[in-house]
Amino acid sequence: MLSASVSNDTTFHPSTFILLGIPGMQEQHIWIAIPFCSMYILALVGNGTILYIIVTDRALHKPMYLFLCLLSFTDLVLCSTTLPKMLAIFWLRSHVISYHGCLTQMFFVHAVFATESAVLLAMAFDRYVAICRPLHYTSILNATVIGKIGLACVIRGLLFVFPFVILIERLPFCGHRVIPHTYCEHMGIAKLACASINPNTVYGLTVALSVTGMDVVLIATSYIMILQAVLRLPSKDAQFKAFSTCGAHICVILVFYIPAFFSFFTHRFGHRVSPRVHIVLANLYLLVPPVLNPLVYGINTKRIRQRICEFSMGRR
């Protein structure tokens, strides 16, 4: 009976995992949760407001705003995949998560991140067409094309991330079920296995470099071409306005990608990086962009700013 029990432990997956939170900082969890909860509320309010304004105002049913609407929706999903459980860990000491719940969270974290990366690329393309090909803007980005781009963003994220689930399902865990993290991510789960995780490492690296990495290259190329076009504008005021807008967009893009790549490569190569630093940054790249995006892409947009003012005045 004992040998059969041991065999089952090494062959099958655990029924639950235990998420530790931030290792070594368990006593501070209750205080650490306060800024994270505040940022989560800001993300919900900011992105919810952007979605409401764009959906209810037909004048905003244009390419730039429709992409912004898609970005706000992915931001809401992105931060909501991890923050509720993290706050439950910090405040309620609810560390246990079911095996399938963990895989579901892992799938949505990576799939929505890949989708948002594609949306940022689509928004960079939108700005490129608007500035560099203004006469062809409406013909290139019509409603049908925008719908296809949005659908492609979602399908791409789902297709590239689904193999993560298959790669985890094939692994035996030998009774290991403690994850030193606040949420379930691919390599965090894979490292608990008592078998080779080389396929997980290779596929994860391939996806990061060929999918997300390519998005970064194409976004950078788009903004370089935009800046070249801006420098040819005769008006200094127009140049300044374009530079300030592009600068804000680039800052948000950097905040989105730099912590994400840091977290990704730390799992594979950064053995000397403190787990605290790694986990905090892994949470920030899922939370900070949803907080900043409504401010940078929304408040800086004149039409949305006007609608927010009208909405605020109407509530008084």
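Provided above is the structure to which this section pertains.
Anyway, here's the lowdown on the structure attached to this text.

Calculation rules
By convention here, each chain's residues receive numbers from 1 onward along its written sequence. pLDDT decides what is reported in this predicted model: residues at 70 or higher carry local features, side-chain atom pairs at 80 or more are listed and counted, and totals for whole chains, interfaces and linings draw on all residues regardless. Note that the side-chain values use all heavy atoms of the structure and ignore hydrogens as well as water. Lining residues are those with an atom within 4 Å of a point, where the points come from a 1 Å grid over the protein atoms alone and group into cavities, where a 1.4 Å probe fits but cannot get out, or pockets, open sets with protein on both sides within 12 Å along at least five of seven lines. Grid points are joined across faces, edges and corners, and a volume is the space filled by probe spheres set on the points. Under the DSSP-based scheme used, a helix requires at least four consecutive residues in state H or I and a strand at least two consecutive residues in state E, with every element numbered from the N terminus. Gly is put with the polar residues, along with every residue not named as nonpolar or charged; the nonpolar set is Ala, Val, Leu, Ile, Met, Phe, Trp, Tyr, Cys and Pro, and the charged set is Asp, Glu, Lys and Arg. The definition used for a disulfide is geometric: two cysteine sulfur atoms within 2.5 Å. The rule is simple: take the accessible area with a 1.4 Å probe, protein chains only, and divide by the maximum for that residue type; under 20% is buried, over 50% is exposed, in between is partly exposed. Surface patches are drawn from residues lacking salt bridges whose relative accessible area is over 30%; two like charges belong together within 9 Å, two nonpolar side chains (Val, Leu, Ile, Met, Phe, Trp, Tyr) within 5 Å. Each accessible area is a Shrake-Rupley result for a 1.4 Å probe, and residues are judged covered by the shown protein chains and nothing else. The salt bridge definition used is simple: a Lys or Arg side-chain nitrogen within 4 Å of an Asp or Glu carboxyl oxygen. Side-chain atoms within 4.5 Å are what join buried Ala, Val, Leu, Ile, Met, Phe, Trp, Tyr and Cys residues into a set we call a nonpolar core. We call two residues in contact whenever any of their non-hydrogen atoms come within 4.5 Å of each other.

1. Examining the layout of surface pockets
Next, step 1: Its volume calculated, the largest pocket comes out at about 700 Å³.
Next, step 2: Lining the largest pocket are 24 residues, and of these Met64, Arg127, Lys241, Thr245 and Asn300 sit closest to its centre.
Next, step 3: For the lining of the largest pocket, the secondary-structure elements that each account for two or more residues are helix 3 (63-80), helix 5 (99-132), helix 10 (236-269), helix 11 (275-299) and helix 12 (302-315).
Next, step 4: Examining the composition of the lining of the largest pocket, we find that seven residues originate from one element, helix 5, more than from any other.
Next, step 5: Partitioned by chemical class, the residues of the lining of the largest pocket number 14 nonpolar, five polar and five charged.

2. Notes on the state of the cysteines
Next, step 1: Overall, the coordinates contain two disulfides when judged by the stated rule.
Next, step 2: Covalent S-S linkage joins Cys102 and Cys184, the inter-sulfur distance amounting to 2.0 Å. Judged by the sign of its S-S torsion, about -115°, the bond between Cys102 and Cys184 is left-handed. Taken as a pair, Cys102 in helix 5 and Cys184 in the loop between strand 3 (178-179) and helix 8 (186-190) lie far apart in primary sequence, 82 residues in all. No difference in accessibility class separates Cys102 from Cys184, as the two residues are buried.
Next, step 3: Across the disulfide, Cys174 is cross-linked to Cys194 (sulfur-sulfur distance 1.6 Å). Residues Cys174 and Cys194 are joined through a disulfide that is right-handed, its torsion about the S-S bond being 75°. One end of the pair, Cys174, is in the loop between helix 7 (143-169) and strand 3; the other, Cys194, is in the loop between helix 8 and helix 9 (198-231), and 20 residues separate them in sequence.
Next, step 4: Given the relative accessible area of 27%, Cys174 is considered partly exposed.

3. Side note on a nonpolar patch on the surface
Next, step 1: A contiguous nonpolar patch, built from Ile30, Trp31, Ile34, Trp91 and Leu92 and spanning about 590 Å² of accessible area, is present on the exposed surface.
Next, step 2: Contributing elements (two or more residues each) for the nonpolar patch: helix 2 (29-56) and helix 4 (83-92).
Next, step 3: No other element matches the three residues that helix 2 contributes to the nonpolar patch.
Next, step 4: According to the relative accessible area criterion, Ile34 is partly exposed, its value standing at 42%.

4. A few points about the nonpolar core
Next, step 1: Counting residues in hydrophobic clusters, the biggest one holds 50 residues, and the most contacted among them are Ile54, Leu68, Tyr297 and Ile304.
Next, step 2: Of all the elements in the fold, those that place two or more residues in this core are helix 2, helix 3, helix 5, helix 7, helix 9, helix 10 and helix 11.
Next, step 3: Top element by residues in this core is helix 5. It accounts for twelve residues.
Next, step 4: Aside from chain neighbours lying at most four places away, what touches Tyr297 is Leu68, Leu71, Leu120, Met123, His249, Val252 and Ile253.
Next, step 5: Listed in part, the 39 residues of the second largest apolar core include Phe90, Ala111, Val165 and Ile189.

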